[in-house]
Amino acid sequence: MRAKVTKVPGPKSRKMLERLKQVNGGWALPLPMAYAGGEGCYMRDIDGNVFLDFASQIASSPLGYNHPAMNAVLKRYQHAPVKIAGQDFTPSEHLELIESILKISPGFNAAFLTNSGAEAVENALKISMRKKRGIYGASFERAFHGRTLGALSYTNSKIVQKAGYWTFPAQRLPFDDSAPAKLEDMIKREGGKENLSFVIIEPVQGEGGYRIASKAMMRGIRKVTADNGIPLIIDEVQSGLGRTGEWWAFEHYGIKPDVFTSAKALQVGATVADKKFFPEEPAAISSTWGGGSLIDLAMGATIIDTIRRDKLLLNCQRMGAYLLKRLHELAGKHREVLNPRGLGLMVAFDLADKKARDHFAEALLCNGLIAIGAGQNSMRLLPPYLVSEEEIDEAIGIMDRTLAEIEWGAAHGKPSHAEHAI
Ligand code: PLP
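My aim in this report is to walk through the structure given alongside it, one point at a time. (Residues numbered from 1 in each chain as written. Predicted model: local features only at pLDDT ≥ 70, side-chain atom pairs only at ≥ 80, totals over all residues. Heavy atoms only, no water.)

Examining the overall build of the protein chain
Piece 1. Across its full length, the protein chain holds 15 helices and 17 strands.
Piece 2. Projected onto the principal axes, the alpha-carbon positions of the protein chain cover approximately 60 × 55 × 45 Å.
Piece 3. Considering the protein chain as a whole, with its 422 residues, one finds that 56% of them fall into the buried category.
Piece 4. Long-range contacts, defined here as pairs at least 24 residues apart, represent 74% of the contacts in the protein chain between residues at least 6 apart.
Piece 5. Of the roughly 18,200 Å² of accessible surface on the protein chain, 53% is carried by carbon and sulfur atoms.
Piece 6. Distance between charge centres in the protein chain, computed from 52 positive and 47 negative side chains, equals 2 Å. (Helix = DSSP H or I, 4+ residues; strand = E, 2+ residues; numbered from the N terminus. Buried < 20%, exposed > 50% of the residue type's maximum accessible area, 1.4 Å probe, protein only. Contact = heavy atoms within 4.5 Å. Areas by Shrake-Rupley, 256 points an atom, 1.4 Å probe, with all protein chains shown as cover. Lys, Arg positive; Asp, Glu negative; His and termini not counted. Charge placed at Lys NZ, Arg CZ, Asp CG, Glu CD.)

Right, dumping it as structure tokens:
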């Protein structure tokens, strides 16, 4: 298969998006085409355009489209009710997914399932607050943890997400090697270790621009939090479940958090910790759907099995290295491509500014590559875990051609999907 695009947006997508804009209360400048299905790393829209998808439904489709293992799950449930009150009526899929998560999370023995990344974070904050009663929590500059009020309070990536909402008490740390020392200063300044309930961090910032924490920074933060008895929450909603070439990005750093979160690629939200870290009282945390539908639960477990069976962690490592190598070559040829970086298949580079980035993302779409923005001026590349060298070559070819086509001096920025996609 190859990308093949006639017009973006095509007439059907344009019409559909215009109608949706009128009625959708949460308009977030979606990609200018309407999803219709796909095959492997390629996505089709309702106008018949075929795109090479290097966004993976924002890290949510690790196996790409129309994967046989996922189709088998759909077939299994085609005659069954799929959405049940899972925390109360206990389907076996619930237990199976928790056990699957724990198998790939050595040193952890309990998980709580929800429906989204924000809920996974919300519950991580709640159980940490319960464990260590303080008066504030700390997060990092440009962090993104979700849009529910608790998670949002510790999010710092875009003003539009926070403006006008109440916030929980939060302190912010720099996302660089000075962070451990600044955390120590903060603890002293804010009245001592008793006052700090938790520190929450993404090892690779997602929405903040695919910024990769250094080993010194992550280990330093772990040390200061451990020395002071402060729970460390690692948010793996975007970086987790194999994308970086390890099941969890924190494994690259040789550290263990007290709590971590997953969602996106897992298909449901999960808050993972030691059983003793969760509240003892029944119903102190709960949720009606509690892990979403039976299909989502079964998909999560199937995705974990498939990643293991098909050695996709290795593919994320190898293809991540190959993509980064090809990006460095591209940067050698086009001076617009700045600072290529990556951990496994969480890869990015920068353009001069937001205008140039947004313009480039739109032009890529018209040439058949889905790649979305992150942070102020970064392009992120996160193909499905089963991506091949040939598909990476095709993506690099599209970027090469697009970089050459754009008149950079005239690249005018208008608000685009690149700004808001999460
Ligand atoms: N945490 C991180 C690191 C994320 O990247 C996201 C979403 O992009 C979230 C939390 C929130 O997840 P959701 O959009 O499923 O609520």
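Let's talk about the sheet that holds strand β4 (residues 110-114)
Piece 1. With respect to topology, seven strands assemble into an open sheet ordered β4-β12-β11-β10-β7-β5-β6, the strand pairing being mixed. Either end of the sheet is taken by a strand with one partner, and the two such strands are β4 and β6 (170-173). Each neighbouring strand pair of the sheet contributes to a mean axis angle of 20°, computed without reference to strand direction.
Piece 2. Bridge count for strand β10 (residues 232-235) against strand β11 (residues 259-262) is three bridges, and the pairing is parallel. (Pairing = 2+ DSSP bridges. Axes fitted to C-alpha atoms, helices over the stretch in contact; angles between N-to-C directions.)

Side note on empty space enclosed by the protein
Piece 1. Enumeration according to the criterion identifies one cavity of 30 Å³ or more in this entry.
Piece 2. As a volume, the largest cavity reaches approximately 30 Å³.
Piece 3. Taken together, Ala-59, Glu-236, Val-237, Gln-238, Gly-240, Leu-241, Ser-262, Ala-263 and Ala-265 make up the lining of the largest cavity.
Piece 4. Within the lining of the largest cavity, the residues separate by chemical class into five nonpolar, three polar and one charged. (1 Å grid on protein atoms, 1.4 Å probe; cavity = no way out; pocket = protein on both sides within 12 Å on 5 of 7 lines; lining within 4 Å. Points joined across faces, edges and corners; volume = space filled by probe spheres on them. Nonpolar A, V, L, I, M, F, W, Y, C, P; charged D, E, K, R; others polar.)

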